[in-house]
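# Descriptive structure summary
Here's the letter readout for the chains.
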Amino acid sequence: MTPSETQAIVTLSLLAAFVDGEKHERERAEIKRIAEGLSQADGLNLPTLYQDVLMKRVSLASVAGELKSTESRQLAYEMAVCVCDADGTQSDSERMFLADVRTSLGLDASAAVFSQRAEEIAAVPVAATAATAAAESILNAAILNGALELLPETLSTMAIIPLQMKLVYRIGQAYGYQLDSGHIKDFLATVGVGLTSQYLEQAGRKLLGGLLGKVGGGLLRGLGNQAVSSGMSFASTYALGHVAKRYYAGGRTLSTQMLKDAFSGVVKEGQSLQTQYLPAIQEKARTLDAGKVLSLVRGA
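Residues numbered from 1 in each chain as written. Predicted model: local features only at pLDDT ≥ 70, side-chain atom pairs only at ≥ 80, totals over all residues. Heavy atoms only, no water.

### Some points on the packing of helix α5 (residues 70–85) against helix α6 (residues 92–105)
Relative to each other, α5 and α6 sit at 180 degrees, their axes nearing to 10 Å. On the basis of their axis angle, the class for α5 and α6 is roughly antiparallel. Residues Arg-73, Tyr-77, Ala-80, Val-81 and Cys-84 of α5 lie in contact with α6, whose contacting residues are Glu-94, Leu-98, Val-101, Arg-102 and Leu-105. A per-class count over the contact of α5 with α6 returns 7 nonpolar, no polar and 3 charged. (Axes fitted to C-alpha atoms, helices over the stretch in contact; angles between N-to-C directions. Helix = DSSP H or I, 4+ residues; strand = E, 2+ residues; numbered from the N terminus. Parallel < 35°, antiparallel > 145°, perpendicular 65-115°, else oblique. Contact = heavy atoms within 4.5 Å. Nonpolar A, V, L, I, M, F, W, Y, C, P; charged D, E, K, R; others polar.)

### Some words on the confidence of the model for the protein chain
Residues at a pLDDT of 70 or more form 88% of the protein chain, whose mean pLDDT is 85. Mean pLDDT across the elements of the protein chain ranges from a minimum in helix α13 (residues 217–223), with 46, to a maximum in helix α14 (residues 232–249), with 95. Per-residue pLDDT stays below 50 along residues 215–228; that stretch engages in 24 contacts with residues further than four places along the chain or on separate chains. (pLDDT = per-residue confidence, 0-100.)

### Topic: the layout of surface pockets
When its volume is computed, the largest pocket comes out at roughly 490 Å³. Mapped by element, the contributors of at least two residues to the lining of the largest pocket are α2 (25–42), α11 (181–191) and α12 (195–208). Per element, the largest residue contribution to the lining of the largest pocket is 4 residues, and it comes from α2. For the second largest pocket, the lining is made up of 22 residues, of which Arg-33, Gly-192, Glu-201, Met-232 and Phe-263 are closest to its centre. Contributing elements (two or more residues each) for the lining of the second largest pocket: α2, α12, α14 and α15 (256–287). Of the residues that constitute the lining of the second largest pocket, the class distribution is 6 nonpolar, 9 polar and 7 charged. (1 Å grid on protein atoms, 1.4 Å probe; cavity = no way out; pocket = protein on both sides within 12 Å on 5 of 7 lines; lining within 4 Å. Points joined across faces, edges and corners; volume = space filled by probe spheres on them.)

### Description of the environment of Ile-161
Counting through the fold element by element, Ile-161 comes out in helix α10 (residues 160–174). Spatially, the C-alpha atom of Ile-161 lies 9.7 Å from that of Gly-194, the residues being 33 residues apart in sequence. Non-local contacts of Ile-161, meaning those with residues more than four positions away in its chain, are made with Ala-86, Leu-195, Gln-198 and Tyr-199.

### Description of the pattern of salt bridges
Under the defined criterion, the tally for this structure stands at 3 salt bridges. In this structure, the salt-bridge partner of Asp-52 is Arg-57, at a minimum N-O distance of 2.9 Å. By relative accessible area, which is 17% here, Asp-52 ends up buried. Glu-283 is the partner of Arg-286 in a salt bridge, and the nearest nitrogen-oxygen pair spans 3.8 Å. Placement of the pair is Arg-286 and Glu-283 together in helix α15, with a separation of 3 residues, close to one helical turn. (Salt bridge = Lys/Arg side-chain N within 4 Å of Asp/Glu carboxyl O. Buried < 20%, exposed > 50% of the residue type's maximum accessible area, 1.4 Å probe, protein only.)

As C-alpha coordinates, this is what we get:
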(Lines give C-alpha, C1' and ligand atoms only; values in the text may rest on other atoms or scores of the structure.)
Protein backbone atom coordinates (compact mmCIF):
# COMPACT_ATOMS: atom_id res chain seq x y z
CA MET A 1 0.00 0.00 0.00
CA THR A 2 1.33 3.44 -0.92
CA PRO A 3 1.81 6.30 1.59
CA SER A 4 -0.96 8.27 -0.15
CA GLU A 5 -3.35 5.33 0.26
CA THR A 6 -2.42 4.99 3.93
CA GLN A 7 -3.04 8.72 4.44
CA ALA A 8 -6.38 8.44 2.62
CA ILE A 9 -7.45 5.58 4.90
CA VAL A 10 -6.59 7.61 8.02
CA THR A 11 -8.45 10.60 6.52
CA LEU A 12 -11.56 8.52 5.88
CA SER A 13 -11.37 7.20 9.44
CA LEU A 14 -11.28 10.76 10.78
CA LEU A 15 -14.24 11.73 8.55
CA ALA A 16 -16.12 8.76 10.02
CA ALA A 17 -15.18 9.79 13.57
CA PHE A 18 -16.88 13.17 13.23
CA VAL A 19 -19.81 12.35 10.95
CA ASP A 20 -22.38 12.21 13.77
CA GLY A 21 -21.30 15.59 15.19
CA GLU A 22 -21.74 14.44 18.79
CA LYS A 23 -18.18 13.89 19.96
CA HIS A 24 -17.38 15.28 23.40
CA GLU A 25 -14.55 17.83 23.47
CA ARG A 26 -12.30 15.44 25.39
CA GLU A 27 -12.81 12.80 22.67
CA ARG A 28 -11.99 15.36 19.98
CA ALA A 29 -8.79 16.22 21.80
CA GLU A 30 -7.83 12.55 21.99
CA ILE A 31 -8.52 12.05 18.28
CA LYS A 32 -6.36 15.08 17.47
CA ARG A 33 -3.55 13.72 19.64
CA ILE A 34 -3.72 10.35 17.89
CA ALA A 35 -3.79 11.87 14.39
CA GLU A 36 -0.67 13.88 15.25
CA GLY A 37 0.99 10.85 16.81
CA LEU A 38 0.34 8.68 13.79
CA SER A 39 1.85 11.31 11.50
CA GLN A 40 5.03 11.37 13.56
CA ALA A 41 5.19 7.59 13.66
CA ASP A 42 5.33 7.12 9.91
CA GLY A 43 6.39 10.46 8.49
CA LEU A 44 3.08 10.94 6.72
CA ASN A 45 1.92 14.41 5.86
CA LEU A 46 -0.80 14.57 8.51
CA PRO A 47 -0.08 17.65 10.68
CA THR A 48 -3.09 19.57 9.34
CA LEU A 49 -5.26 16.57 8.58
CA TYR A 50 -7.33 16.83 11.74
CA GLN A 51 -8.17 20.49 11.03
CA ASP A 52 -8.81 19.71 7.36
CA VAL A 53 -11.45 17.19 8.40
CA LEU A 54 -13.06 19.44 11.01
CA MET A 55 -13.13 22.42 8.63
CA LYS A 56 -14.49 20.21 5.82
CA ARG A 57 -11.54 20.96 3.57
CA VAL A 58 -11.41 17.32 2.47
CA SER A 59 -14.23 15.43 0.78
CA LEU A 60 -15.21 11.81 0.43
CA ALA A 61 -14.67 12.10 -3.32
CA SER A 62 -11.10 13.36 -2.92
CA VAL A 63 -10.27 10.59 -0.45
CA ALA A 64 -11.78 7.92 -2.71
CA GLY A 65 -9.65 9.16 -5.59
CA GLU A 66 -6.47 8.34 -3.63
CA LEU A 67 -7.48 4.73 -3.00
CA LYS A 68 -6.32 2.93 -6.14
CA SER A 69 -6.21 -0.72 -5.12
CA THR A 70 -9.11 -3.00 -4.23
CA GLU A 71 -7.33 -3.90 -0.97
CA SER A 72 -6.98 -0.27 0.12
CA ARG A 73 -10.62 0.55 -0.69
CA GLN A 74 -11.90 -2.45 1.26
CA LEU A 75 -9.65 -1.71 4.24
CA ALA A 76 -10.64 1.98 4.23
CA TYR A 77 -14.30 1.03 4.32
CA GLU A 78 -13.78 -1.52 7.10
CA MET A 79 -11.94 0.99 9.26
CA ALA A 80 -14.66 3.62 8.67
CA VAL A 81 -17.32 1.11 9.73
CA CYS A 82 -15.45 0.18 12.91
CA VAL A 83 -14.87 3.84 13.78
CA CYS A 84 -18.63 4.46 13.48
CA ASP A 85 -19.37 1.41 15.65
CA ALA A 86 -16.65 1.95 18.26
CA ASP A 87 -18.91 3.94 20.58
CA GLY A 88 -22.10 1.97 19.89
CA THR A 89 -24.39 1.09 17.02
CA GLN A 90 -24.53 3.44 14.04
CA SER A 91 -26.63 6.59 14.05
CA ASP A 92 -28.72 7.55 11.02
CA SER A 93 -26.04 9.98 9.88
CA GLU A 94 -23.35 7.31 10.19
CA ARG A 95 -25.41 4.81 8.18
CA MET A 96 -25.92 7.38 5.43
CA PHE A 97 -22.21 8.23 5.45
CA LEU A 98 -21.19 4.57 5.14
CA ALA A 99 -23.64 4.07 2.28
CA ASP A 100 -21.99 7.01 0.50
CA VAL A 101 -18.56 5.47 1.20
CA ARG A 102 -19.62 2.17 -0.36
CA THR A 103 -20.85 3.99 -3.46
CA SER A 104 -17.81 6.26 -3.74
CA LEU A 105 -15.41 3.33 -3.41
CA GLY A 106 -17.38 1.12 -5.78
CA LEU A 107 -17.73 -1.70 -3.26
CA ASP A 108 -20.05 -4.66 -3.72
CA ALA A 109 -22.66 -6.22 -1.42
CA SER A 110 -20.00 -7.91 0.74
CA ALA A 111 -19.20 -4.47 2.17
CA ALA A 112 -22.73 -4.18 3.57
CA VAL A 113 -22.30 -7.63 5.13
CA PHE A 114 -19.17 -6.42 6.92
CA SER A 115 -21.12 -3.46 8.29
CA GLN A 116 -23.79 -5.81 9.60
CA ARG A 117 -21.18 -7.92 11.40
CA ALA A 118 -19.71 -4.82 13.02
CA GLU A 119 -23.19 -3.69 14.10
CA GLU A 120 -23.77 -7.06 15.75
CA ILE A 121 -20.60 -6.67 17.81
CA ALA A 122 -21.53 -3.09 18.77
CA ALA A 123 -25.02 -4.20 19.85
CA VAL A 124 -23.88 -6.96 22.25
CA PRO A 125 -25.12 -6.02 25.75
CA VAL A 126 -22.53 -5.34 28.42
CA ALA A 127 -24.16 -7.77 30.87
CA ALA A 128 -21.88 -10.73 31.52
CA THR A 129 -22.56 -14.06 33.20
CA ALA A 130 -19.72 -14.40 35.71
CA ALA A 131 -19.29 -11.55 38.19
CA THR A 132 -15.69 -11.48 39.34
CA ALA A 133 -13.08 -8.91 40.28
CA ALA A 134 -10.23 -11.37 40.75
CA ALA A 135 -6.79 -10.20 39.70
CA GLU A 136 -6.44 -13.35 37.58
CA SER A 137 -9.58 -12.51 35.58
CA ILE A 138 -8.26 -8.98 34.94
CA LEU A 139 -4.93 -10.39 33.72
CA ASN A 140 -6.69 -12.91 31.47
CA ALA A 141 -8.82 -10.13 29.96
CA ALA A 142 -5.67 -8.06 29.32
CA ILE A 143 -3.93 -11.01 27.65
CA LEU A 144 -6.97 -11.64 25.43
CA ASN A 145 -7.16 -8.01 24.32
CA GLY A 146 -3.42 -7.92 23.75
CA ALA A 147 -3.84 -10.96 21.50
CA LEU A 148 -6.72 -9.35 19.59
CA GLU A 149 -4.46 -6.37 18.94
CA LEU A 150 -2.07 -8.66 17.07
CA LEU A 151 -4.67 -10.08 14.68
CA PRO A 152 -4.82 -8.51 11.21
CA GLU A 153 -8.61 -8.30 10.89
CA THR A 154 -10.33 -4.97 11.58
CA LEU A 155 -13.20 -6.59 13.51
CA SER A 156 -10.69 -8.15 15.91
CA THR A 157 -9.51 -4.68 16.87
CA MET A 158 -13.07 -3.46 17.32
CA ALA A 159 -13.84 -6.32 19.73
CA ILE A 160 -11.37 -4.94 22.30
CA ILE A 161 -13.71 -2.13 23.40
CA PRO A 162 -16.83 -4.24 24.20
CA LEU A 163 -14.60 -6.73 26.02
CA GLN A 164 -13.19 -3.91 28.16
CA MET A 165 -16.73 -2.71 28.89
CA LYS A 166 -17.77 -6.21 29.92
CA LEU A 167 -14.78 -6.43 32.26
CA VAL A 168 -15.84 -3.21 34.02
CA TYR A 169 -19.43 -4.52 34.18
CA ARG A 170 -18.31 -7.75 35.86
CA ILE A 171 -16.20 -5.89 38.41
CA GLY A 172 -19.00 -3.48 39.25
CA GLN A 173 -21.42 -6.37 39.61
CA ALA A 174 -19.03 -8.19 41.93
CA TYR A 175 -19.23 -5.21 44.31
CA GLY A 176 -23.00 -4.85 44.08
CA TYR A 177 -23.34 -2.31 41.26
CA GLN A 178 -25.58 -3.05 38.27
CA LEU A 179 -24.03 -0.88 35.59
CA ASP A 180 -25.45 0.03 32.19
CA SER A 181 -23.46 0.80 29.06
CA GLY A 182 -23.89 4.56 29.55
CA HIS A 183 -22.28 4.45 33.00
CA ILE A 184 -19.43 2.28 31.76
CA LYS A 185 -18.74 4.61 28.82
CA ASP A 186 -18.65 7.53 31.27
CA PHE A 187 -16.26 5.61 33.52
CA LEU A 188 -13.92 4.88 30.60
CA ALA A 189 -14.06 8.50 29.44
CA THR A 190 -13.38 9.75 32.98
CA VAL A 191 -10.19 7.70 33.37
CA GLY A 192 -9.09 8.81 29.90
CA VAL A 193 -10.18 6.04 27.54
CA GLY A 194 -12.17 7.38 24.60
CA LEU A 195 -13.96 4.73 22.56
CA THR A 196 -13.53 6.15 19.07
CA SER A 197 -10.05 7.47 19.81
CA GLN A 198 -8.93 4.15 21.28
CA TYR A 199 -10.04 2.29 18.16
CA LEU A 200 -8.29 4.84 15.94
CA GLU A 201 -5.07 4.47 17.90
CA GLN A 202 -5.09 0.67 17.86
CA ALA A 203 -6.07 0.34 14.20
CA GLY A 204 -3.81 3.20 13.13
CA ARG A 205 -0.74 1.56 14.65
CA LYS A 206 -1.60 -1.72 12.93
CA LEU A 207 -2.19 0.08 9.63
CA LEU A 208 1.14 1.91 9.75
CA GLY A 209 2.88 -1.30 10.76
CA GLY A 210 1.53 -3.01 7.65
CA LEU A 211 -0.43 -5.58 9.64
CA LEU A 212 -4.07 -4.61 9.07
CA GLY A 213 -5.68 -6.69 6.36
CA LYS A 214 -2.66 -8.96 5.96
CA VAL A 215 -4.15 -12.35 6.70
CA GLY A 216 -2.01 -15.47 7.10
CA GLY A 217 1.65 -14.48 7.09
CA GLY A 218 0.69 -11.10 8.49
CA LEU A 219 -0.19 -12.67 11.82
CA LEU A 220 3.20 -14.30 12.25
CA ARG A 221 4.94 -11.11 11.20
CA GLY A 222 2.89 -9.17 13.74
CA LEU A 223 3.63 -11.56 16.58
CA GLY A 224 7.30 -10.70 16.43
CA ASN A 225 6.98 -7.04 15.57
CA GLN A 226 6.51 -4.76 18.53
CA ALA A 227 6.60 -1.75 16.19
CA VAL A 228 3.19 -2.91 14.99
CA SER A 229 1.75 -3.52 18.42
CA SER A 230 2.66 -1.22 21.28
CA GLY A 231 0.88 -3.53 23.71
CA MET A 232 -1.44 -0.68 24.63
CA SER A 233 -4.50 -2.94 24.58
CA PHE A 234 -2.90 -5.17 27.22
CA ALA A 235 -1.88 -2.19 29.35
CA SER A 236 -5.15 -0.26 29.04
CA THR A 237 -7.29 -3.34 29.80
CA TYR A 238 -5.09 -4.23 32.77
CA ALA A 239 -5.39 -0.67 34.10
CA LEU A 240 -9.14 -0.45 33.52
CA GLY A 241 -9.68 -3.64 35.48
CA HIS A 242 -7.58 -2.67 38.48
CA VAL A 243 -8.84 0.92 38.65
CA ALA A 244 -12.45 -0.27 38.34
CA LYS A 245 -11.80 -2.71 41.18
CA ARG A 246 -10.40 0.08 43.35
CA TYR A 247 -13.30 2.39 42.45
CA TYR A 248 -16.22 0.03 43.04
CA ALA A 249 -14.67 -1.73 46.04
CA GLY A 250 -14.30 1.69 47.63
CA GLY A 251 -17.92 2.68 47.08
CA ARG A 252 -17.27 4.94 44.07
CA THR A 253 -15.70 7.65 46.21
CA LEU A 254 -12.66 8.44 44.07
CA SER A 255 -12.70 11.86 42.42
CA THR A 256 -12.26 12.37 38.68
CA GLN A 257 -8.64 13.46 39.12
CA MET A 258 -7.91 10.52 41.42
CA LEU A 259 -9.32 8.13 38.81
CA LYS A 260 -7.24 9.71 36.04
CA ASP A 261 -4.08 9.58 38.14
CA ALA A 262 -4.72 5.99 39.20
CA PHE A 263 -5.35 4.90 35.62
CA SER A 264 -2.22 6.63 34.35
CA GLY A 265 -0.12 4.94 37.01
CA VAL A 266 -1.52 1.45 36.41
CA VAL A 267 -1.16 1.81 32.63
CA LYS A 268 2.58 2.28 33.19
CA GLU A 269 2.58 -0.82 35.38
CA GLY A 270 0.73 -2.70 32.62
CA GLN A 271 3.24 -1.55 30.02
CA SER A 272 6.10 -2.86 32.12
CA LEU A 273 4.31 -6.20 32.56
CA GLN A 274 3.52 -6.51 28.85
CA THR A 275 6.99 -7.82 28.00
CA GLN A 276 6.69 -10.44 30.72
CA TYR A 277 3.34 -11.65 29.36
CA LEU A 278 4.17 -11.28 25.65
CA PRO A 279 4.64 -15.05 25.15
CA ALA A 280 1.17 -15.66 26.63
CA ILE A 281 -0.30 -12.93 24.42
CA GLN A 282 1.32 -14.40 21.32
CA GLU A 283 0.15 -17.90 22.18
CA LYS A 284 -3.38 -16.62 22.73
CA ALA A 285 -3.29 -14.87 19.34
CA ARG A 286 -2.37 -18.13 17.63
CA THR A 287 -5.44 -19.83 19.10
CA LEU A 288 -7.98 -17.12 18.26
CA ASP A 289 -10.35 -17.57 15.35
CA ALA A 290 -11.01 -14.15 13.84
CA GLY A 291 -14.19 -15.52 12.29
CA LYS A 292 -15.65 -16.06 15.76
CA VAL A 293 -15.08 -12.59 17.19
CA LEU A 294 -18.82 -12.01 17.70
CA SER A 295 -19.15 -15.27 19.65
CA LEU A 296 -16.13 -14.27 21.72
CA VAL A 297 -17.70 -10.92 22.67
CA ARG A 298 -21.09 -12.48 23.40
CA GLY A 299 -19.57 -15.16 25.58
CA ALA A 300 -17.34 -12.89 27.64
